[in-house]
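Spelled out from the first residue to the last, the chains are:
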Amino acid sequence: MNISMNPVCKSSDKRVLELSEDIIIEILHRLPSKSLARFECVSIGFHCKVDDPEKDVISFTIVCYGIWFDHSSSVTIESFSFKTNVWTTINLPLDIPLRVSFLSWQKLGSAGVIDRVFCWIDMDSQIILYDSVNRRFWALQLSNDMVDGDARALGVSGGALYYALCVEAEITV
Amino acid sequence: MASSSSSSKTGLKKMLTLKSSDGDEFELEESIVIQCQTIKHMVEDGFSLIPLQNVDTKTLTKIIEYMKKHAEKTESNKEEIKNFNKEFVKGSFDDQFELVSAANYLHINGLMDLLCQSIADRINNKSVRAVREIFNISNDYTPDEEEKVRDEHKWAHEGGEFDESLD
């Protein structure tokens, strides 16, 4: 148990308490990433605390996609990065037009991400993938016996992609 | 302010005495004090008089106020606790830093969380210069180095004025 505490220094008129490093880290990691990045300028010590890789919570990205029925040869990718706190939208032309079953306005957060490839499960019989590094967007067609069930889910665990299918009470992964 | 520790038992409730760095003693029910992990471990080791050499009377009074209120926490007084917390974090940065250091030393997780979040909220829109002043940190970058770090995150320094005030 850590029971040490920084001494309270008393100067003539103003008492200045120096917070210990672990407390400063606790405070900094409650800040939005924009403020965190700005405060890297405070001092070298602050910079190191902000960049503490063990507590790196700032590089996290959400990606959505939308396909318009009329223009299914292109896809709109919207991504939100916690690193920059901004949404960016890109339009990608598709080599192979995709047929998607959900409505044109519908946007879904991805089910998971492996090596910067984001995955979604489509209401139709396909898994949608987007490679955010090479900006490629494609679909994996699932065979019929893989989609014939009541509920389906896609998830990522330990770097592998899992597809779960529920047929009545049985779950196949 | 300091209460006597002459009666160590009131009814069936087990009482504990906390002693501040100024020598003042506070008698409290064990059920209130065990929110604090450091004291809980000392109680388990059989202590009933707990000297807190790193916590002065002013800070300890505030911390006891917090523990007493949070010991009353039920499903029905959530709003009251919320308002209490809001008032609790209103002090100056110096007061908040005293409290957060004590909360960290005493391992009161709820209080630690409350204070760190409130300090973070208060510095969120501050300028780099104000943050240096508030945390009493001297800038150890050379002007060139600072410029370089600033350039790396240009976007973070854009978008409006930042608050230069120190309160």
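Thresholds applied
- Residues numbered from 1 in each chain as written.
- Chains lettered and ligands numbered in written order.
- Predicted model: local features only at pLDDT ≥ 70, side-chain atom pairs only at ≥ 80, totals over all residues.
- Heavy atoms only, no water.
- UniProt positions renumbered as here; feature names shortened; annotations may be inferred.
- Patch = residues over 30% accessible without salt bridge, like charges linked within 9 Å, V, L, I, M, F, W, Y side chains within 5 Å.
- Areas by Shrake-Rupley, 256 points an atom, 1.4 Å probe, with all protein chains shown as cover.
- Salt bridge = Lys/Arg side-chain N within 4 Å of Asp/Glu carboxyl O.
- Lys, Arg positive; Asp, Glu negative; His and termini not counted.
- Charge placed at Lys NZ, Arg CZ, Asp CG, Glu CD.
- Helix = DSSP H or I, 4+ residues; strand = E, 2+ residues; numbered from the N terminus.
- Phe/Tyr/Trp six-rings, centres within 6.5 Å; stacked < 30°, edge-to-face > 60°.
- Buried < 20%, exposed > 50% of the residue type's maximum accessible area, 1.4 Å probe, protein only.
- Lys NZ or Arg CZ within 6 Å of the ring centre and 35° of its normal.

Per an unreviewed UniProt entry, chain B is named SKP1-like protein, and its organism is Anisodus tanguticus. Chain B has a UniProt comment under Function (unreviewed entry) that states "Involved in ubiquitination and subsequent proteasomal degradation of target proteins. Together with CUL1, RBX1 and a F-box protein, it forms a SCF E3 ubiquitin ligase complex. The functional specificity of this complex depends on the type of F-box protein. In the SCF complex, it serves as an adapter that links the F-box protein to CUL1." Of the comments in the UniProt record for chain B, the one headed Pathway (unreviewed entry) reads "Protein modification; protein ubiquitination."

You'll find chain A entered in an unreviewed UniProt entry as F-box domain-containing protein, with Anisodus tanguticus given as the organism.

*Asks:* Help me out: how do you make sense of a negative patch on the surface in this one?
*Replies:* Side chains of B:Asp140, B:Asp144, B:Glu145 and B:Glu147 sit close together on the surface and give a patch of like negative charge. One can find B:Glu147 in helix α8 (residues 143-152).

*Asks:* Looking at this structure, I do not really get the packing of aromatic side chains. What am I missing?
*Replies:* Any two aromatic rings considered together are summarised by their centre-to-centre distance and by the angle between their planes. Scanning all chains against the criterion turns up five aromatic pairs over all chains. Note on B:Tyr66 and B:Phe88: the rings are 5.6 Å apart at their centroids and 55° apart in plane angle, and the pair reads as tilted. Of this pair, B:Tyr66 sits in helix α3 (residues 57-71) while B:Phe88 sits in helix α4 (residues 78-88), and the two are 22 residues apart along the sequence. Comparing B:Tyr66 with B:Phe88 shows no difference in burial state: the two are buried. In this structure an aromatic cluster arises from ring pairing among A:Phe46, B:Phe93, B:Phe97 and B:Phe135. If you follow B:Arg122 out to its NZ or CZ, it ends over the ring of B:Phe93, 4.5 Å from the centre.

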